[in-house]
Amino acid sequence: MYDTNNIFAKILRNEIACKKVYEDNYSLAFYDIFPKKKIHVLVIPKGEYMNLGEFTNKASHDEIVGYFKAISKVIEQLQLINGYRLISNCDDHGRQEVKHLHFHILAGEDVGNMVCKHS
Ligand code: AMP
């Protein structure tokens, strides 16, 4: 069940401030409060979807197209000429902390290996 009190829902309702990067009818992008790389931006859909599976199953065509175009627009706006990494953590094994769909855009430096191997 989607928790309407998750932190991104509060940001969407303007109950919590964010450092906005981009907004349109379907999406909002803002800087991550604890940046893991020099540039760390989160892009969220405005609708109440917990993860990618729920989003692609339940959202309208316009929401889906709008959201993925927004991610692309943010990347373009940030002028990430040397590249970037796009990540969406999902559920427990993906270590998703905030249960509202989001993609992380990590950039501004070499972001390193994709994941660490188990020891
Ligand atoms: P995830 O583990 O993929 O769910 O990532 C959630 C991200 O949200 C983390 O990188 C947090 O630093 C970030 N975050 C949590 N609260 C806020 C907030 N109020 N504003 C911006 N980013 C936040």
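Refer to the structure presented above.
My aim in this report is to walk through the structure given alongside it, one point at a time. Just so we're clear, the structure is a prediction, and the values are computed from it rather than from any experiment. (Residues numbered from 1 in each chain as written. Predicted model: local features only at pLDDT ≥ 70, side-chain atom pairs only at ≥ 80, totals over all residues. Heavy atoms only, no water.)

## Some thoughts on the nonpolar core
Argument step 1. In this structure, Val21, Ala29, Val41, Val43, Tyr67, Val74 and Ile105 are the most contacted members of the largest nonpolar core, which totals 19 residues.
Argument step 2. Residue assignment for this core shows that the elements contributing at least two residues are strand 1 (20–23), strand 3 (39–45), helix 3 (61–77) and strand 5 (103–107).
Argument step 3. Here this core takes five residues from helix 3, the largest share from any one element.
Argument step 4. With residues near it in sequence (within four places) discarded, valine 43 still touches Leu28, Ala29, Tyr67, Ile71, Val74, Leu101, His102, Phe103 and Ile105.
Argument step 5. If you look at the next biggest cluster of nonpolar residues, it comprises seven residues, including Phe8, Leu28, Leu42 and Val98. (Core = buried A, V, L, I, M, F, W, Y, C linked by side-chain atoms within 4.5 Å. Buried < 20%, exposed > 50% of the residue type's maximum accessible area, 1.4 Å probe, protein only. Helix = DSSP H or I, 4+ residues; strand = E, 2+ residues; numbered from the N terminus. Contact = heavy atoms within 4.5 Å.)

## Structural notes on the packing of aromatic side chains
Argument step 1. Evaluated as defined, the whole model comprises seven aromatic pairs.
Argument step 2. With a centroid separation of 5.5 Å and 75 degrees between ring planes, the pair formed by phenylalanine 8 and phenylalanine 30 is classed as edge-to-face. Note that phenylalanine 8 is positioned in helix 1 (residues 7–12) and phenylalanine 30 in strand 2 (residues 27–31), a separation of 22 residues in sequence. Comparing phenylalanine 8 with phenylalanine 30 shows no difference in burial state: the two are buried.
Argument step 3. The interplanar angle of 65 degrees and the centroid separation of 5.3 Å between the aromatic rings of tyrosine 67 and phenylalanine 68 together place this pair among those described as edge-to-face.
Argument step 4. Tyrosine 67 gets classed as buried once you look at its relative accessible area, which sits at 0%. (Phe/Tyr/Trp six-rings, centres within 6.5 Å; stacked < 30°, edge-to-face > 60°.)

## Details of helix 3
An α-helix turns once per 3.6 residues; consequently, residues spaced three or four apart project the same way.
Argument step 1. Helix length check: helix 3, at 17 residues, gives a terminal C-alpha distance of 24 Å against a target of 24 Å (1.5 Å per residue), a fit within 8%.
Argument step 2. Buried within helix 3 we find Glu63, Gly66, Tyr67, Ala70, Ile71, Val74 and Ile75.
Argument step 3. Structurally, helix 3 contributes buried residues whose contacts are with strand 1, strand 2, strand 3, helix 2 (52–58), strand 4 (84–87) and strand 5.
Argument step 4. Where helix 3 ends, the next residue or the one after it, glutamine 79, has phi of about 50 degrees, a positive value. (Expected span 1.5 Å × (residues − 1).)

The analysis is restricted to geometry; functional conclusions fall outside its scope.
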